[in-house]
Every structure is written in C-alpha cells, then in structure tokens.
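Residue-level structure breakdown
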There are 2 protein chains.
Amino acid sequence: MYKNPSKFNSEIATLIKHLSEILPLNDNEKAIIEELFVPRRIKRRQFIHHEGDVCKYANFVVQGCLKMYMVDKDAKEHNLQFAIENNWIGDLGSFHSGEPSKLYVEAIENSIILQITKENLYRLYDEFPKFNKVFRIMKENQIVEYQKRILQNISSTGEERYLDFLNRYPHLLNRISNVQIASYLGVTPVFLSMIRKKLAQS
Amino acid sequence: MYKNPSKFNSEIATLIKHLSEILPLNDNEKAIIEELFVPRRIKRRQFIHHEGDVCKYANFVVQGCLKMYMVDKDAKEHNLQFAIENNWIGDLGSFHSGEPSKLYVEAIENSIILQITKENLYRLYDEFPKFNKVFRIMKENQIVEYQKRILQNISSTGEERYLDFLNRYPHLLNRISNVQIASYLGVTPVFLSMIRKKLAQS
DNA sequence: CGTCTATTTGAATGTACTCAAAAGCGGTGG
DNA sequence: CCACCGCTTTTGAGTACATTCAAATAGACG
C-alpha cells in the first residue's frame, strides 16, 4: 500500500501546493521545484542558522515550528519571527548580500523543512522567470504583515499587542511558550505574566 | 536651449535610473515605463491617499518628501514610513487587495511623484515579466529594512532608536521635524526632546 | 508684528523592567 | 511511585523608561 500516491514525495507536495496557491504551476515547474529543494529533518533546539554565518539556504517549513531571533548585548533573545507549516524562514538580508548574519534560526519543535541554496534559487529564477512573480507576490504579502507589526509596535502597549497576537495567531498558543511570545511582542516574560493575570481577572 | 537632452522627461529619467540600478533596462522596457507612469506635483500638506479609500497608485518619489501614517483611536498619528527621492510609498496591502486602507499618505514638502495604477502595473508585469524580478528584488530589500526596524522596536529604548535613526538617516534630519521623527520612532515629542537634551549634555 | 507651529520644561502618573524568590509542571531515574 | 531536575510561570518590591497635561519658550512665516 502506497502512503503517497503523488509522483512527488509528501514534503515537496506540500511546497508545490503552497506555491500553486499563489500561481498555478505546470509539470516542468513542479519538476524543477522537486529537483532544487532538499528536505531536512531538524530536532527541537537544533539550529539551522547561526549568528556570524552567512545564510546559505531559504527554508520552507513542511512540518514543525522554528524561530528566528537576535541576541542583544545583554544576551537576551528577541524573536523576529516564528515559522510553522507553509511559512518561510531565514535571514533574507544575509542570504542575498552574502554578509554575515546577526540572526539565529532554531527549531522549537522537531521539524521538517525544505532547503534551497542561493545558487539553485537564482537558477530557478533564471530558468523559470515565472518564479520571480511567485516570490514577488510572497514578499509583498510579507511586507504587509511587517507593516502591521511595526505600526503595532510604535502605537500600542504590551497588553494591546498581546491581545492582537491572540486574535491573529490563536493556533500558535498551544505550540509556543509565553517566554517566546513575550520575546516576539517585545516585553519581558515577567510583564507578560502580569498582563495575562490582569486579563484573566477582567 | 534644451534643459533635458534625454528623450525622456526628467521625472521619468529619475525612475529609469533607479530601476536600472537594480537591473539594466532595454529601450522597450524604458519606453513602457514612460508610457505607464504619470508625473504629479504635490504641495506640502496635500494628501495623495486617505484612510478609508482603496489605494489606487504605487508612487515613486522623484523629488520632495512624503510620509505614510496611521491615526489611532486617540487621533494620534504614527509614522510607518518617510519617502524621499528614489523611494516608493503607498499602502501596498490595500493596493493589491482592493480593500479600504487604514493609512494616510501626505506630502511633508512640495513634491514630484510618478504614479502607476494597479491595472497598468499588472500590465507591466504581464508584458515585461522582467519587472517581476526588478520588483521582487526591491521588495526583498524593503523586507530587510523592515526586519531591522522590528528588531530595534522590540529590543531597544527610545534613546537607542533615536541614535540609530541619526546614524542611518542623517540626511533626513534637516528635512523632517522632531515631531515627525518621534512619531516614526514610537515615542512622544516630549520624550524625544528629553532624549535630545540628555544627549546634548553628555 | 502677530499668528501658528515646533520645541522645551516641569510635575505627576502610568507602563514596563530588574532582581530575587516561590510555585507549578513535565520528564527521568531510582 | 516518588524524588529530583530543569524549565516555565507567577509574585512582590523597587526602579527605570515613557507618557500626560499644562505652560513657557523659541522659530517660521505671512
């Protein structure tokens, strides 16, 4: 009995489905995706990218959860992004510029990701220019998300940001600890605990 | 005596130069840019986009300075972005989704911009797919900028953010009031004044 | 010169952080 | 099964960061 009736393995099938929702792909385009992306299993607490290294891969999350964060001068972590199923993660700046990264990418859960190198991604863009459009649209969507987050950060209190996080990402609550959420919101775990206590009372 | 020896007017020439620095353009590509972008003069304090409206144009700044901001429930403005020469500005989310915007775009100085409608931009992408690559790269650069800003917002104090602003955008200081800078940094004008006093003393 | 806006100053208050300690919650091994 | 370990969350007290409100001062512009 076959687990996977498609001609692609299930990791690649997930990615192809994700890309097809942005723009339908033909068989050639699906084939090159399968050729250029490499699956990788990551254990909880394992790093796929480290500060000081040049970011070598663009990463698509098939299963699991990862975080990308900065470590400040006081050794405190600040979460820039979480990535779960169908999200992309990686230091885009370092990836394209080739300069050393200031970010870490670490698995929060055991995860399965698909990786593509810069050389292969550029080959993808060259041989199938349509992917420029696919990725342009993806990047535009990401910009809109970042704009919302910046406006939140400069205009609202920690409590308001937490309430918005609850509304926007309810499915993340079971998977991510409050320490991680606090680091994403830009408050301390202690203060997030106080926010939660206050909200529970009212 | 001709002011402008190029076959393009000077506004379009500025845009073509900007785009060519991302990816060289041939004559056909330059011609379609001239065809699809429309110059417009904007006076200080004039709006080119208003909350509640659908964003109809992508805007390239040839000369001058504009700001994009949100107004919160207490009628306070929060600056998401400044745009000077060679910057783009507009509510990307509303532009692509067709949903009403929550942002304003207003000129801080008398300005000259080039506008393109959604229909014409999509025509540009269709007829000259290369522009998908040009704009993909532009969006990626913008994402990197936004990532830096988010990390700053969640990891540093108002004073640190102001110092970083001074380093990063020294050329903006003569053009933008402290009220506007405070709104961009996410602090009150009163507090920015205190920061500046403290820095001047030390 | 007067008007409008931007900036500064001061005092009181609210938001958020630090430090330290206690309480809760899985896991793991004896 | 329980004792222990490591990690997360909570609590409390004191402090720092940032805001509000009100008023004074300083610049910019017609």
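Every chain is numbered on its own, with residues counted from 1 as its sequence reads. Chains and ligands are labelled sequentially in the order written, the chains with letters from A and the ligands with numbers from 1. pLDDT decides what is reported in this predicted model: residues at 70 or higher carry local features, side-chain atom pairs at 80 or more are listed and counted, and totals for whole chains, interfaces and linings draw on all residues regardless.

Time to look at the relation of the copies chain A and chain B. The least-squares superposition of copies is restricted to C-alpha atoms, and to residues with a pLDDT of at least 70 in both copies. It takes a turn of 180° to lay chain A on chain B, together with a shift of 0.0 Å along the axis; the resulting RMSD is 0.0 Å. Here the symmetry operator amounts to a two-fold rotation axis. Nearest to the rotation axis, the C-alpha of A:R136 is located 2.2 Å from it, this being the minimum over chain A. Note on contacts: residues are paired as contacts if their backbone-placed C-beta atoms lie within 7 Å. Take the interface residues of chain A: 100% of them recur as interface residues in chain B, which is what a same-surface contact looks like.

Before going further, it helps to spend a moment on the pairing of strand β8 (residues 111–117) of chain A. Residues and elements named next belong to chain A. At least two DSSP bridges between two strands are required for those strands to pair. Going along the chain from the N terminus, every DSSP run of H or I of four or more residues is numbered as a helix, and every run of E of two or more is numbered as a strand. Pairing analysis gives 5 bridges linking strand β1 (residues 38–42) to β8, with the strands arranged antiparallel. When the bridges of β8 are listed, I42 appears paired with S111. Where strand β3 (residues 57–63) and β8 come together, 6 bridges link them in antiparallel fashion. Across the sheet, the residue bridging to Y57 is T117, located in β8.

Let us now look at the sheet that holds β3(A). Residue and element names in this part refer to chain A. With respect to topology, 4 strands assemble into an open sheet ordered β1-β8-β3-β6, the strand pairing being antiparallel. Two strands close off the open sheet at either side, each with one partner strand: β1 and β6 (88–89). Axis geometry follows a simple rule: fit a line to the C-alpha atoms, using only the stretch in contact for helices, then measure angles between N-to-C directions, giving values from 0 to 180 degrees. Helix α4 (residues 118–127) contacts β3 and β8 of the sheet and is inclined by roughly 70° relative to β8.

We call a residue near a molecule or strand if the C-beta atom, set from the backbone, is within 6 Å of it. A:T157, A:V187, A:F191, B:N178 and B:S193 are the nearest of the 16 residues found near DNA strand C. Of all the secondary structure elements, the ones that give two or more residues to the surface near DNA strand C are α6 (158–168) and α8 (189–201) of chain A together with α7 (178–185) and α8 (189–201) of chain B. A per-element tally of the surface near DNA strand C places α8(B) first, with 6 residues. When grouped by side-chain class, the residues that make up the surface near DNA strand C number 7 nonpolar, 6 polar and 3 charged. Residue polarity follows a fixed list, in which Ala, Val, Leu, Ile, Met, Phe, Trp, Tyr, Cys and Pro are nonpolar, Asp, Glu, Lys and Arg are charged, and the others, Gly among them, are polar.

Quick look at the protein's contact with DNA strand D now. The environment of DNA strand D is made up of 16 residues, and the closest members are A:N178, A:S193, B:G158, B:V187 and B:F191. Here the element with the most residues in the surface near DNA strand D is α8(A); it accounts for 6 residues. Its residues assigned to classes, the surface near DNA strand D shows 7 nonpolar, 6 polar and 3 charged.

To continue, consider the interface of chain A and chain B. At the interface, 27 residues of chain A touch 27 residues of chain B. Put simply, the parts of the chain that give the side of chain A that touches chain B at least two residues each are β5 (77–83), α3 (92–97) and α5 (130–155) of chain A. Grouping the constituent residues of the side of chain A that touches chain B by class yields 12 nonpolar, 9 polar and 6 charged.

Residues and elements named next belong to chain A. Here R45 shows up in the loop between β1 and β2 (47–49). Around each residue's C-beta, the other C-beta atoms within 10 Å are counted; 20 or more make the residue buried, 12 or fewer make it exposed, and counts in between make it partly exposed. All C-beta atoms are placed from the backbone. Judged by the 10 C-beta atoms lying within 10 Å of it, R45 is exposed. Along the backbone, R45 and A200 are 155 residues apart, and their C-alpha atoms lie at a distance of 31 Å. When neighbours within four sequence positions are excluded, R45 is seen to be in contact with E106 and A107.

Before going further, it helps to examine the environment of B:Q46. All names here are of chain B. Along the chain, Q46 turns up in the loop between β1 (38–42) and β2 (47–49). Look at Q46 and you get partly exposed, because 13 C-beta atoms sit within 10 Å. As a C-alpha pair, Q46 and E109 span 63 residues in sequence and 9.1 Å in three-dimensional space.

This part takes up the packing of α5(A) against helix α5 (residues 130–155) of chain B. Close contact between α5(A) and α5(B) brings their axes to 9 Å; oriented N to C, the two are set at 25°. Here α5(B) runs roughly parallel to α5(A), going by the angle between their axes. Here α5(A) runs over α5(B); the crossing is left-handed. Residue composition of the contact of α5(A) with α5(B), by class: 10 nonpolar, 6 polar and 10 charged. Oblique is the label for any angle not under 35 degrees, not over 145, and not in the 65 to 115 range, which are roughly parallel, roughly antiparallel and roughly perpendicular in turn. Here a crossing is called left-handed whenever its near helix is offset anticlockwise from the far helix by less than a right angle, and right-handed whenever the offset is clockwise.

The next thing to look at is the sheet that holds β5(A). Through backbone hydrogen bonds, the strands of a sheet pair up, either in parallel or in antiparallel fashion. Pairing within the open sheet is antiparallel, and its 4 strands lie in the order β2-β7-β4-β5 (chain A). Each of the sheet's edge strands pairs with one partner strand only, and the pair in question is β2 and β5 of chain A. Each strand axis lies, on average, 30° off the axis of its neighbour in the sheet, ignoring direction. In terms of strand pairing, β2(A) meets strand β7 (residues 103–107) of chain A through 2 bridges, oriented antiparallel. Bridge assignment links A:H49 to a residue of β7(A), and that residue is A:V105. Across the sheet, helix α7 (residues 178–185) of chain A lies against β4 (66–71) and β5 of chain A, angled at about 100° from β5(A), the strand it touches most. The strands touched by α5(B) within the sheet are β4 and β5 of chain A, with β5(A) carrying the most contacts at an inclination of about 130°.

Turning next to the packing of helix α1 (residues 10–22) of chain B against helix α2 (residues 27–36) of chain B. All names here are of chain B. Their axes nearest at 10 Å, the elements α1 and α2 cross at an angle of 135°. Classified by the angle between their axes, α1 and α2 sit oblique to one another. Note that α1 runs across α2; the crossing there is right-handed. Here α1 contributes I12, L15, I16 and L19 to the contact with α2, which in turn contributes K30, I33 and E34. In the contact of α1 with α2, the residues fall into 5 nonpolar, no polar and 2 charged.

Further remarks concern unusual backbone geometry. Residue and element names in this part refer to chain B. Within the chain, R45 stands out as a residue other than glycine whose phi angle is a positive 75°. You will see that N86, though not glycine, has its phi angle at about 75°, which is positive. Relative to the assigned elements, N86 resides in the loop between β5 (77–83) and β6 (88–89).

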